[in-house]
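Listed below are the residues making up each chain.
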Protein chains: 2
Amino acid sequence: MDRRQRKSREAIFTAFTRLLEKQAYHQITVQDIIDEADVGRATFYAHFETKEYLLKDLCEELFGHIIDTAMGLPHEHYHYSCGMTTDSVFLHLLRHLRENDRNILALLSSRNNEIFLQYFKTNLKKLVKTQFADTGKLKESKLPEDFLVNHISVSFVETVSWWLAHGTKETPEELAEYFERIIAPLV
Amino acid sequence: MDRRQRKSREAIFTAFTRLLEKQAYHQITVQDIIDEADVGRATFYAHFETKEYLLKDLCEELFGHIIDTAMGLPHEHYHYSCGMTTDSVFLHLLRHLRENDRNILALLSSRNNEIFLQYFKTNLKKLVKTQFADTGKLKESKLPEDFLVNHISVSFVETVSWWLAHGTKETPEELAEYFERIIAPLV
DNA sequence: TCCGTTACCGAACATTCTGTATGGTAATAA
DNA sequence: TTATTACCATACAGAATGTTCGGTAACGGA
């Protein structure tokens with residue numbers, strides 16, 4: 001990829017992120033973005049069809065990475081079956097959130113948090129599905145599997161959301177403990 | 001209130017609702033709304049400052065009513081303490097959703113569902129807070145109260161969302177049963 | 001180092017939507 | 001009946017969108 005392309009794309013991403021941290025998404029204009037990024041109008045449209053596609057690409061970069069990493073972790077049932085004290089995948093996610101580039105936590109706690117929490121939830125669902133697939137654990141509760149997968153994903157994202165809204169006072173370990181206590185009866 | 005005012009306001013609400021059921025909120029223009037409602041441009045702005053305020057007013061009408069009704073119900077702990085078989089407030093909500101005017105379920109399951117689920121959640125939180133206030137039930141779990149209030153509210157809304165996304169195959173009673181099973185360990 | 005390619009810029013453009021203003025008309029409430 | 005007022009049609013300025021185009025310079029391969 002041409003260095004100029006990378007630079008422009010990166011400049012737009014960074015500018016967009018900066019704007020998202022202080023302004024509401026829907027009142028950010030393409031004009032705002034190219035002013036902040038200091039690129040030409042035509043350049044923006046050469047990279048992204050619309051503002052919405054820019055958001056989509058940003059989110060895929062943000063959550064795609066964090067979820068893919070967690071995908072490689074051992075599945076939940078290893079934790080129980082072999083007696084090893086592996087950290088739960090959820091604790092891993094919480095720790096990862098703090099170390100991510102482009103300040104993912106800032107976006108998740110900005111005034112645009114709903115947008116990003118939504119993307120987070122969607123991606124997390126895939127992870128939860130593979131984590132708990134074929135463990136048989138979920139079936140014991142006699143509730144539909146995708147109902148539970150959805151419930152667990154949503155609950156985690158909302159736990160993170162609550163955490164951020166209250167100033168991230170708890171440690172990742174404490175928060176993971178909260179979360180485990182909530183879904184423990186189900187898995 | 002002047003009859004003409006009521007008619008215009010109602011026409012705008014109805015047109016807006018109709019549009020929301022098929023188009024994405026953000027690409028609905030004021031022009032679309034006044035065309036559908038068949039009112040003048042100036043009339044729209046005499047009633048609503050912006051499209052966003054229209055949405056806000058619509059949501060307050062939709063959820064304000066449904067929540068206020070439920071507010072008058074006996075609190076959850078009556079159910080347990082006096083042994084009466086009163087329906088849970090959640091079952092009541094589910095039944096109410098189907099009978100509401102202006103087709104609230106259509107909006108909750110439209111492509112704009114996220115917007116309305118969000119409003120639903122916000123309003124529900126108030127209800128849950130008063131329902132479980134001072135019952136002491138929540139404190140037994142040793143989790144922060146507003147963490148639990150948030151969790152219960154979100155879980156209910158997501159349960160409804162899941163229900164709609166799967167064609168509302170379950171009866172309100174079955175769904176309430178699902179939901180109770182999920183939060184039962186906490187309350 | 002040279003050269004063809006290509007990303008970028010600045011500027012201009014038509015188009016669409018917004019929110020406001022105005023003067024005339026007709027429905028309303030008292 | 002009469003004063004009020006909500007409404008309409010129209011026009012308008014301002015802003016944002018998405019596209020086009022010719023010129024410039026950075027790039028990567030040879």
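What counts as what
- Residues numbered from 1 in each chain as written.
- Chains lettered and ligands numbered in written order.
- Predicted model: local features only at pLDDT ≥ 70, side-chain atom pairs only at ≥ 80, totals over all residues.
- Heavy atoms only, no water.
- Contact = heavy atoms within 4.5 Å.
- Buried area = accessible area lost by both parts, 1.4 Å probe.
- Salt bridge = Lys/Arg side-chain N within 4 Å of Asp/Glu carboxyl O.
- Polar contact = N/O pair within 3.5 Å; in protein donor to acceptor, adjacent residues only side chain to side chain.
- Helix = DSSP H or I, 4+ residues; strand = E, 2+ residues; numbered from the N terminus.
- Nonpolar A, V, L, I, M, F, W, Y, C, P; charged D, E, K, R; others polar.
- Near = heavy atom within 4 Å.
- Phe/Tyr/Trp six-rings, centres within 6.5 Å; stacked < 30°, edge-to-face > 60°.
- Lys NZ or Arg CZ within 6 Å of the ring centre and 35° of its normal.
- Buried < 20%, exposed > 50% of the residue type's maximum accessible area, 1.4 Å probe, protein only.
- Domains from an automatic or database assignment.

### Quick look at the interface of chain B and chain A
Now for step 1: At the junction of the two partners, chain B supplies 23 residues and chain A supplies 23 residues.
Now for step 2: Both sides together, the interface formed by chain B and chain A hides about 2,200 Å², and carbon and sulfur atoms give 64% of it.
Now for step 3: The largest share of the area that chain B buries against chain A comes from Phe 147, Trp 162 and Ile 182 of chain B, three residues that together contribute 27% of it.
Now for step 4: The interface formed by chain B and chain A holds two salt bridges in total.
Now for step 5: Between Glu 158 of chain B and Lys 121 of chain A there is a salt bridge whose closest N-O contact spans 2.9 Å.
Now for step 6: At the surface where chain B touches chain A, the tally comes to nine residue pairs in polar contact (both at pLDDT 80 or more).
Now for step 7: Breaking the side of chain B that touches chain A down by element, the ones donating at least two residues are helix H8 (113–132), helix H9 (145–165) and helix H10 (172–183) of chain B.
Now for step 8: Here the side of chain B that touches chain A takes nine residues from H9 of chain B, the largest share from any one element.
Now for step 9: Residue composition of the side of chain B that touches chain A, by class: nine nonpolar, eight polar and six charged.

### Structural notes on the protein's contact with DNA strand D
Now for step 1: Taken together, 19 residues surround DNA strand D, and among them Arg 41 of chain A together with Arg 4, Ser 8, Gly 40 and Thr 43 of chain B come closest.
Now for step 2: Near the protein, within 4 Å, the atoms of DNA strand D are sugar or phosphate in 68% of cases.
Now for step 3: Between DNA strand D and Thr 43 of chain B, the relevant distance is 2.3 Å, taken from a phosphate oxygen to a side-chain nitrogen or oxygen of the residue.
Now for step 4: Partitioned by chemical class, the residues of the surface near DNA strand D number five nonpolar, seven polar and seven charged.

### What to know about the packing of aromatic side chains
What describes a pair of aromatic rings is the distance from one ring centre to the other and the angle between the planes of the rings.
All names here are of chain A.
Now for step 1: Going through the model one piece at a time under the given rule, you end up with 24 aromatic pairs over all chains.
Now for step 2: Through successive ring pairs, a cluster of aromatic residues spans Phe 63, Phe 90, Phe 120, Phe 156 and Phe 179.
Now for step 3: If you follow Lys 51 out to its NZ or CZ, it ends over the ring of Tyr 25, 4.4 Å from the centre.

### Points about the pattern of salt bridges
Now for step 1: Scanning the entire structure with this criterion turns up 14 salt bridges over all chains.
Now for step 2: Among the salt bridges present, the one from Lys 56 of chain A reaches Glu 60 of chain A, with a minimum N-O distance of 3.5 Å. Note that Lys 56 of chain A and Glu 60 of chain A are positioned in helix H4 (residues 51–71) at a spacing of four residues, about one turn of the helix.
Now for step 3: Lys 56 of chain A gets classed as partly exposed once you look at its relative accessible area, which sits at 33%.
Now for step 4: Note that Glu 177 of chain B is salt-bridged to Arg 181 of chain B, the shortest N-O span being 3.0 Å. Of the two residues, Glu 177 of chain B and Arg 181 of chain B are both situated in helix H10; the distance of four residues between them amounts to about one turn of the helix.

### Observations regarding the domain arrangement of chain A
All names here are of chain A.
Now for step 1: Once the domains are mapped, chain A shows domain 1 (1–48) and domain 2 (57–183).
Now for step 2: Across the boundary between the two partners, domain 1 contributes 14 residues, which contact twelve residues of domain 2.
Now for step 3: In total, about 990 Å² of surface goes out of reach between domain 1 and domain 2, with carbon and sulfur atoms giving 57% of it.
Now for step 4: It is Phe 13, Leu 20 and Glu 21 that lose the most area in domain 1 upon contact with domain 2, and together they represent 46% of the buried surface on that side.
Now for step 5: Applying the counting criterion to the domain 1 and domain 2 interface returns one salt bridge.
Now for step 6: One salt bridge in this structure joins Arg 9 and Asp 57, with 3.8 Å as the shortest N-O distance.
Now for step 7: Scanning the region where domain 1 abuts domain 2 turns up three residue pairs in polar contact (both at pLDDT 80 or more).
Now for step 8: Grouping the amino acids of the side of domain 1 that touches domain 2 by side-chain chemistry returns six nonpolar, four polar and four charged.

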